[in-house]
Amino acid sequence: YKDKTLTDPSVFDFYNQLLDGPTKHEWQNFRAFNISMAQTFLNDHTGFDFTYNSEWFKSGQVQLLDGNGTQSIGVDLSSAYSDGTSNGLPGLNGTPNPNVGRAYLSSSSKYGNNSYVSNRNSKRLTVFGRYNFEEGTKRNWVTKLLGEHTVTGLANEDNQKLDNRSWQRYGTDAAYEAFVNDLTHTATQFRKFTDDSVTPTTVIYLGSSLASAASASGAHLRSPTANMAITTGTVRTFDSTWTRSTNPSDPNYVNPAALWINNYSPALNPVTGLPSTANQSTQSENPANYVGFRNVPITVIDSELSQANRDLLTHDAALGKSQLTSTAATWQGNFWQNTLVATYGVRKDIARRWDISENVNSSTSDKYGHLNLDNSVYKLKDAPDLSQQVTSHAWTVMAHLNQLPGLSKMPFQVSVFYNHSTDFQPSKQRVDAYGEALSAPSGVTKDVGILLETHDGKYSLKINKYENASVNADSQALNGTWFIGASQVWSGNWVNRFELNWTQDSNAGAVSSPDPTNSQYNYAQAPGESLAQAQTREAAAITAYRAWQKSVDPRFYKAWGINLNDQSKPLSSSNPNNFAVTEDSVSKGYEIEMSALPVKNWRLTVNASKTNAIRTNIGGTALSSFIAGYEKALKTTAAGDLRIWWGGAGAETALSQWNGNIGSEYALRHLQEGTTVPELREWRFNAISNYSFDHGRLNGVFVGGGVRYESDIVLGYPPSKGATGTNISFDLGKPFKGPAETNFDFWVGYGRRIWKNIDWSVQLNVRNAFVGNELIPLTVEPDGSVASYRIRPPQTWQLTNTFKF
């Protein structure tokens, strides 16, 4: 990709080629079966239809390299391996790396390996009865008024079973896992098999060394051409088993806190030439007191060699079953020879769901994070986890005004209609931020419109005004919800460290009487601040954050798996199963459609729509309540000053992390409540025209074209100062917008009969005409500069031949 910028589409094409081929394998398979029986009686006045359908679908993929979102091309800059071997070079202890300077792709292949199995079946019985009052021997204005009526009944049952698995490509044997865990953890804490320390990593080198190259230009990197496999062998690693005695009277005893001079660091300050303490450490850091580097046997487990291996390396698994039972009845009446058509329907739905899921943090997993997939444990309950019952109603009225007395001679036909319906969406068991069950999404839709048509059918115009209100629907408006639980864990761990002088190193435990100037456990002084003032700030942050923790509804900690009572190890959390962010919304708009036949063989269709959507209650009541309380603590008390990652004056704080991960976006969404949804294009316009020749030399030829237009779209808003220094706001009046999009399509074809009962046609289509290599902005930075793009669909050509017989 010489002379190409990173935004050039050809670079993306090159990058995708690197990830194809032997590094990825995909599969799909399906079976479908259906049977239908129908019969009518009494001259089609009554009848039934029974349908049974069964579908089985399986898909999955295995990939050696994680997907596009996590991959990149790197260059190996290590001149030596960290294997502890001596090479005689000062400050460089390790075997020389023969691959230094080479480009590579690398992945632990933890993710991107998955399977999906769906088994679905449905049964439907429909019965109907029809009666026409004008079919009798006596006809009068009463029978004409009553017209024809049809009643339809329906009974339906849909069932589906799902099996989802995700696994890592390679793993290590139990002996190596035990070796790693014995070195790094206490008896109650273990590294999961998905941790980097026990997960083999694939490194694929591409091309020769670039160490002497001035740039990547001319590298001529090629994609992998052979299947890669990690094999069993040994790994050279540092064995941190303490070899000294713990008995002070033993000659082999070494005090871990005693002074140790680390000769790797200089004894003199290289700038001042004066003695330095940089080389002073403790015996706990002296490699000579440990077993040290050694070769450790490791058996690599390949997930693709057996189902048992795949089960062992599975890190997420879920079973699901759903059943939807529906009964419905519909009445339709045609009055006064279809002058007025009315429809009323009622439907009762009972939705049931069964769900179970496991991951490495599940209570049923072993201490290494291996899932328990035994059928006695990993199975669905007999009773459903969720059962919902909803009754919905819908009614529609349409009037053909020309058929009313005195209006039959109007120059065009006029029809008006109105529709009102309620509905709900059967969904899986969803819970809010406190782990409480959420009701199913529901909605109300209203339509009112008019249809104008000429009597010859050449011109028609339809105008429809609609309004749809939904409640408790799944929301995609709020990103970063993973930080809701993580914020409480990160801050909770650091308030423990500052208050208890507790280290996050899992086997270190509490530290007695640490140095008050050590910023690993204490607040360091800010510029112009005394040590006493720093300690006062630390105490205030601890007190305020403890007060916040006590104020939290206990249901939150239970739902997110956070245990504040055990201060012997770091806190952890996981999203509640089926946690959902919800919202309410109202969508309003107009739809206009016009069809015309100006001359023979020329058809023109134009449609346009204007949409306005407004969100409210983003997050739902429980999440909004939690966020309001947490932000009040962060912004109005010293809890927001709690330092994260270390006690230095420049460290991030609980408030800055909250704002950076979810707080700022939540503030923006909260401001947007009651305003038009920004990611919605307000106007859309489509026009299609086609002309067919029916005589002369061009007989059988047809040509046409279309245009598709979408108005501009809001990508973001510039940040602005809030009411106070800790509040975040945005200027909704000056949005950053993405461009409007216009696309053109053209086609030309020819058709004729080539045999008695065979029609043949050939057609050439050009879609997205005149489009080159273009990028469309997706998101923007706070200053309005583009943060990410999508590749615009390119111009495509398609030639098709069709035979009809």
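This is a predicted model, so every value here is computed, not measured. (Residues numbered from 1 in each chain as written. Predicted model: local features only at pLDDT ≥ 70, side-chain atom pairs only at ≥ 80, totals over all residues. Heavy atoms only, no water.)

Visitor: I keep staring at the overall build of the protein chain and nothing clicks. Help me out?
Guide: Regarding its fold elements, the protein chain presents 9 helices and 34 strands. For a compact globule of 805 residues, the expected C-alpha radius of gyration is about 28 Å, and the protein chain comes in at 35 Å, more than 25% above that figure. With respect to the three principal axes, the spread of C-alpha positions in the protein chain is 120 × 65 × 60 Å. Out of the 805 residues belonging to the protein chain, those deemed buried represent 36%. The contacts in the protein chain between residues at least 6 apart in sequence include a share of 70% that link residues at least 24 apart. (Helix = DSSP H or I, 4+ residues; strand = E, 2+ residues; numbered from the N terminus. Rg over C-alpha atoms; globule rule 2.2 N^0.38 Å. Buried < 20%, exposed > 50% of the residue type's maximum accessible area, 1.4 Å probe, protein only. Contact = heavy atoms within 4.5 Å.)

Visitor: Honestly, the side chain of E358 in this entry has me stumped. Any pointers?
Guide: With respect to the helices, strands and loops of the structure, E358 is situated in strand β15 (residues 340-359). For the buried E358, no salt bridge is present, and the opposite-charge side chain at shortest range is R165, 8.8 Å distant. At 3.2 Å, the side chain of E358 forms a polar contact with the backbone nitrogen of N372. Once residues within four sequence positions are removed from consideration, E358 is found in contact with H315, D316, A317, T364, L371, N372, L373, V377 and Y378. (Lys, Arg positive; Asp, Glu negative; His and termini not counted. Salt bridge = Lys/Arg side-chain N within 4 Å of Asp/Glu carboxyl O. Polar contact = N/O pair within 3.5 Å; in protein donor to acceptor, adjacent residues only side chain to side chain.)

Visitor: Got a minute to help me understand helix α5 (residues 482-500) in this structure?
Guide: For an α-helix the count is 3.6 residues per turn, leaving residues at separations of three or four pointing the same way. The terminal C-alpha atoms of α5 lie 27 Å apart, and with 19 residues this matches the ideal 27 Å at 1.5 Å per residue to within 8%. Of the residues one or two after α5, N501 is the one with positive phi, at around 50°. (Expected span 1.5 Å × (residues − 1).)

Visitor: Please clarify how the pairing of strand β31 (residues 758-767) should be interpreted in this entry.
Guide: Look at any regular strand and the pattern is simple: side chains alternate between the two faces of the sheet. Pairing of strand β30 (residues 741-755) with β31 involves 9 bridges; the strand directions are antiparallel. The residue of β31 that forms the bridge with R753 is D759. The antiparallel pairing of β30 with β31 creates a hairpin that spans 2 residues between the two strands. Bridging between β31 and strand β34 (residues 796-804) involves 9 bridges; their strand directions are antiparallel. Looking across to β34, one finds that W760 is bridged to F803. (Pairing = 2+ DSSP bridges.)

Visitor: Sorry if this is basic, but what is going on with the side chain of S415 here?
Guide: The residue S415 is located in strand β17 (residues 412-424) in this model. Excluding residues that lie within four positions of it along the chain, S415 makes contacts with A399, H400, G449, I450 and L451.

Visitor: Looking at this model, I keep getting lost on the environment of Y717. Mind explaining?
Guide: Inspection of the secondary structure assignment puts Y717 in the loop between β26 (713-716) and β27 (719-721). Distance from Y717 to A544, taken between C-alpha atoms, is 33 Å for residues 173 residues apart in sequence. Once residues within four sequence positions are removed from consideration, Y717 is found in contact with L668, Q672, P678, F730, D731, L732, P735 and F736.

Visitor: Even after reading the chapter, I still don't get a nonpolar patch on the surface, so can you show me in this structure?
Guide: Nonpolar side chains collect at one region of the surface, where F33, I35, M37, F41, L42, F48, L125 and V127 lie side by side and expose about 750 Å² of accessible area between them. Of all the secondary structure elements, the ones that give two or more residues to the nonpolar patch are β1 (24-41) and β5 (113-132). When residues of the nonpolar patch are assigned to their parent elements, the largest contribution, 4 residues, is made by β1. Along the polypeptide, L125 turns up in strand β5. (Patch = residues over 30% accessible without salt bridge, like charges linked within 9 Å, V, L, I, M, F, W, Y side chains within 5 Å. Areas by Shrake-Rupley, 256 points an atom, 1.4 Å probe, with all protein chains shown as cover.)

Visitor: Got a minute to help me understand the packing of aromatic side chains in this structure?
Guide: Aromatic rings in a pair are described by how distant their centres are and how their planes are angled relative to each other. A full pass over the atoms with the stated rule returns 29 aromatic pairs. Relative to Y523, the ring of F498 has its centre 5.2 Å away and its plane inclined at 85°; by these criteria the two rings are edge-to-face. Separated by 25 residues along the polypeptide, F498 in helix α5 and Y523 in the loop between α5 and α6 (531-551) bring together distant segments of the chain. With relative accessibility at 1%, the residue Y523 sits in the buried group. (Phe/Tyr/Trp six-rings, centres within 6.5 Å; stacked < 30°, edge-to-face > 60°.)

Visitor: Sorry if this is basic, but what is going on with the nonpolar core here?
Guide: For soluble globular proteins, nonpolar side chains are generally found buried alongside one another. By size, the foremost hydrophobic cluster in this structure holds 42 residues, and its most contacted members are I484, F556, F626 and L642. Within the residue set of this core, elements represented by two or more residues are α5, α6, α7 (554-559), α8 (620-636) and α9 (654-672). Setting aside residues no more than four positions away along its own chain, F626 makes contact with Y434, I484, Q488, W548, V552 and F556. Core analysis: the second largest hydrophobic core is formed by 10 residues, F193, I301, L371 and L373 among them. (Core = buried A, V, L, I, M, F, W, Y, C linked by side-chain atoms within 4.5 Å.)

Visitor: I keep staring at the packing of α5 against α8 and nothing clicks. Help me out?
Guide: When two helices pack together, you describe them by how their axes are tilted relative to each other and by the distance separating the axes. Direction vectors running N to C along α5 and α8 enclose 30°, while the axes themselves pass 12 Å from each other. Crossing geometry of α5 relative to α8 is assigned as left-handed. Contacts between α5 and α8 pair I484, S487, Q488 and S491 from the former with L623, F626 and Y630 from the latter. Residues belonging to the contact of α5 with α8 are distributed by class as follows: 4 nonpolar, 3 polar and no charged. (Axes fitted to C-alpha atoms, helices over the stretch in contact; angles between N-to-C directions. Left-handed = near helix turned anticlockwise from the far one by under 90°. Nonpolar A, V, L, I, M, F, W, Y, C, P; charged D, E, K, R; others polar.)

Visitor: Quick question: what am I supposed to make of empty space enclosed by the protein here?
Guide: If a probe as big as a water molecule is rolled over the atoms, it shows which places are left empty. Summed over all chains, the structure comprises 1 cavity of 30 Å³ or more. As for the largest cavity, its lining consists of R615, I618, R669, Q672, T675, T676, V677 and P678. Residues of the lining of the largest cavity, tallied by class, amount to 3 nonpolar, 3 polar and 2 charged. (1 Å grid on protein atoms, 1.4 Å probe; cavity = no way out; pocket = protein on both sides within 12 Å on 5 of 7 lines; lining within 4 Å. Points joined across faces, edges and corners; volume = space filled by probe spheres on them.)

Visitor: Looking at this model, I keep getting lost on the pattern of salt bridges. Mind explaining?
Guide: One pass over the structure, following the stated rule, counts 32 salt bridges. Put simply, R347 and D349 hold a salt bridge, and the shortest N to O gap is 2.8 Å. Owing to a relative accessible area of 36%, R347 belongs among the partly exposed residues under this scheme. Among the ionic pairs, K381 bridges to D385, the shortest N-O distance being 3.4 Å. In the salt-bridge network here, residues are joined through shared partners; they are R681, R684, E710, E741 and R790.

Visitor: Explain the sheet that holds strand β4 (residues 102-107) to me, please; I cannot follow it from the model alone.
Guide: Two strands in a sheet stick together by hydrogen bonds in their backbones, pointing the same way (parallel) or opposite ways (antiparallel). The strand order β3-β4-β8 describes an open sheet built from 3 strands, whose pairing is antiparallel. Taken across any chain shown, the strands that pair with only one partner, and hence form the sheet edges, are β3 (74-75) and β8 (202-209).

Visitor: Just to check I follow, could you spell out α6 for this structure?
Guide: Here α6 contains 21 residues, and its C-alpha end-to-end distance of 31 Å stays within 8% of the 30 Å for a straight helix at 1.5 Å per residue. For α6, every residue scored as buried is listed here: A534, E538, A541, I542, A544, Y545, R546, W548 and Q549. Check the buried side of α6 and you find it contacts α5, α7 and α8.

Visitor: What should I look at first to understand the environment of G648 in this one?
Guide: Relative to the assigned elements, G648 resides in the loop between β22 (643-644) and β23 (652-653). Accessibility expressed as a relative area gives 1% for G648, which makes it buried. Once the C-alpha coordinates of G648 and L221 are considered, the two residues, 427 residues apart in sequence, prove to be 44 Å apart. Those residues in contact with G648 that lie beyond four places of it in its chain are S519, A524 and R643.

Remember, this is a structural readout, not a statement about activity or role.
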